[in-house]
Amino acid sequence: MRAEERRQAILEHLRQSSRPVSAGFLAERFSVSRQAVVGDVALLRASGADISATPRGYVILKPSQDLVRRVACRHDAAGMEAELCAVVDQGCSVLDVIVEHPVYGQLTGPLQLSSRYDVGQFLSRCAGARPLSDLTGGIHLHTLSCPDEDAFCRVREALGAMGILWEGEE
């Protein structure tokens, strides 16, 4: 298979997948190195494909009918699991994490976490790494996808009860 054909096949596979697809899986499927897949995805992105890299693999985000809301949070690394579980336990998904960096401006890390299983997988990949929120004293935003306004309100209540919802300093 030629490189251009492989890139189109990767793009089609990502379009049809409902879950993130790892570079390792794609490398095995197309009998190339993981680095070749990373390069292919970079070229696809450069040509306009809306491919996001999440901790669990590549995705093409599909339009959602859910409400998209943001919450500001503050906690240390030890509070990350409780925060993420509080969101998914209310039926919402954590789409990303956003921090404001003094040099680079807004930094966004795609997450795509919708269940406790997803949270567990993410946390296992975080072992030994520092979260983006370490750059900002624990203050960060999450973009959430919620089935309705009630679910979003439940998330805010849960995070508030844990002392994680950030509403600024008095």
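Refer to the structure printed above.
Residues numbered from 1 in each chain as written. Predicted model: local features only at pLDDT ≥ 70, side-chain atom pairs only at ≥ 80, totals over all residues. Heavy atoms only, no water.

Draft legend 1. Quick look at the pairing of strand β4 (residues 93-101). Counting buried positions along β4 yields 7 of 9 residues, so the element is predominantly enclosed. Bridge count between β4 and strand β6 (residues 139-146): 5 bridges; the pairing is antiparallel. Residue pairing across strands places Val 94 opposite Leu 144, the latter belonging to β6. Looking at chain direction, β4 and strand β5 (residues 105-113) are connected through 7 bridges and run antiparallel. In the sheet register, Asp 96 faces β5, and the bridge partner there is Pro 110. From the end of β4 to the start of β5, which pair antiparallel, there are 3 residues. (Buried < 20%, exposed > 50% of the residue type's maximum accessible area, 1.4 Å probe, protein only. Helix = DSSP H or I, 4+ residues; strand = E, 2+ residues; numbered from the N terminus. Pairing = 2+ DSSP bridges.)

Draft legend 2. Up close: the sheet that holds β6. Overall, antiparallel pairing links the 4 strands, which are arranged β3-β6-β4-β5 in an open sheet. With one partner strand each, in any of the chains shown, β3 (67-74) and β5 form the two edges of the open sheet. Here the strands of the sheet are splayed against their neighbours by 25° on average, with no regard to which way each runs. The strands touched by helix α4 (residues 80-88) within the sheet are β3, β4, β5 and β6, with β6 carrying the most contacts at an inclination of about 20°. (Axes fitted to C-alpha atoms, helices over the stretch in contact; angles between N-to-C directions. Contact = heavy atoms within 4.5 Å.)

Draft legend 3. Structural context of the state of the cysteines. According to the stated counting rule, one finds 0 disulfides in the structure shown. Not part of a disulfide, Cys 153 finds its nearest cysteine sulfur in Cys 146, a span of 9.2 Å. Residue classification places Cys 153 among the partly exposed positions, given a relative accessible area of 34%. (Disulfide = S-S within 2.5 Å.)

Draft legend 4. View of helix α5 (residues 116-126). Of all the positions in α5, only Asp 118, Val 119, Phe 122 and Cys 126 are classed as buried. Each buried residue of α5 sits inside an arc of 100° when the element is viewed along its axis, so together they form one side. Away from the buried face of α5 by more than 90 degrees, exposed residues Arg 116 and Tyr 117 are located. Where the residues of α5 are buried, they touch α4 and β5. (Arc of directions from axis to C-beta.)

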